[in-house]
Amino acid sequence: MLSQELKAQIFKLPPSDRLALIAAIVESLQNTTAVQADRSRAIRRMKGLLKTEQPAPTDDEVAVMLEERRAEKYLQ
């Protein structure tokens with residue numbers, strides 16, 4: 001439904017139904033904001049768990065770790 005058509009339909013509603021529609025829209029927006037805030041908070045906590053005092057491994061070190069893991073997994 002186009003915006004103009006939607007507006008026309010809304011104006012046809014009785015005032016009590018329009019207020020109920022407003023309440024439903026506000027509620028849906030509050031739920032969306034709460035979910036996004038929870039998700040952002042969880043991401044910040046996860047980033048904190050990943051922090052370490054050690055520098056990140058180099059590409060060569062990662063390659064060695066992967067090779068060791070594959071050897072453990074497939075050669076034993």
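The rules behind the values
- Residues numbered from 1 in each chain as written.
- Predicted model: local features only at pLDDT ≥ 70, side-chain atom pairs only at ≥ 80, totals over all residues.
- Heavy atoms only, no water.
- Helix = DSSP H or I, 4+ residues; strand = E, 2+ residues; numbered from the N terminus.
- Rg over C-alpha atoms; globule rule 2.2 N^0.38 Å.
- Buried < 20%, exposed > 50% of the residue type's maximum accessible area, 1.4 Å probe, protein only.
- pLDDT = per-residue confidence, 0-100.

When its secondary structure is counted, the chain shows three helices and zero strands. Counted from the first residue to the last, the chain has its helices and strands arranged as α-α-α. For a compact globule of 76 residues, the expected C-alpha radius of gyration is about 11 Å, and the chain comes in at 27 Å, more than 25% above that figure. C-alpha atoms of the chain, sized along the principal axes, occupy 75 × 30 × 25 Å.

Next up on the list: the environment of S28. By secondary structure assignment, the location of S28 is in helix α2 (residues 15-50). Its relative accessible area of 38% is what places S28 among the partly exposed residues. Residues S28 and K7 lie 21 residues apart in sequence; the distance between their C-alpha atoms is 19 Å.

In this section: the confidence of the model for the chain. Per-residue confidence for the chain gives a mean pLDDT of 85, with 92% of residues at or over 70. When pLDDT is averaged over each helix and strand of the chain, the minimum, 81, is found for α2 and the maximum, 92, for helix α3 (residues 59-75).

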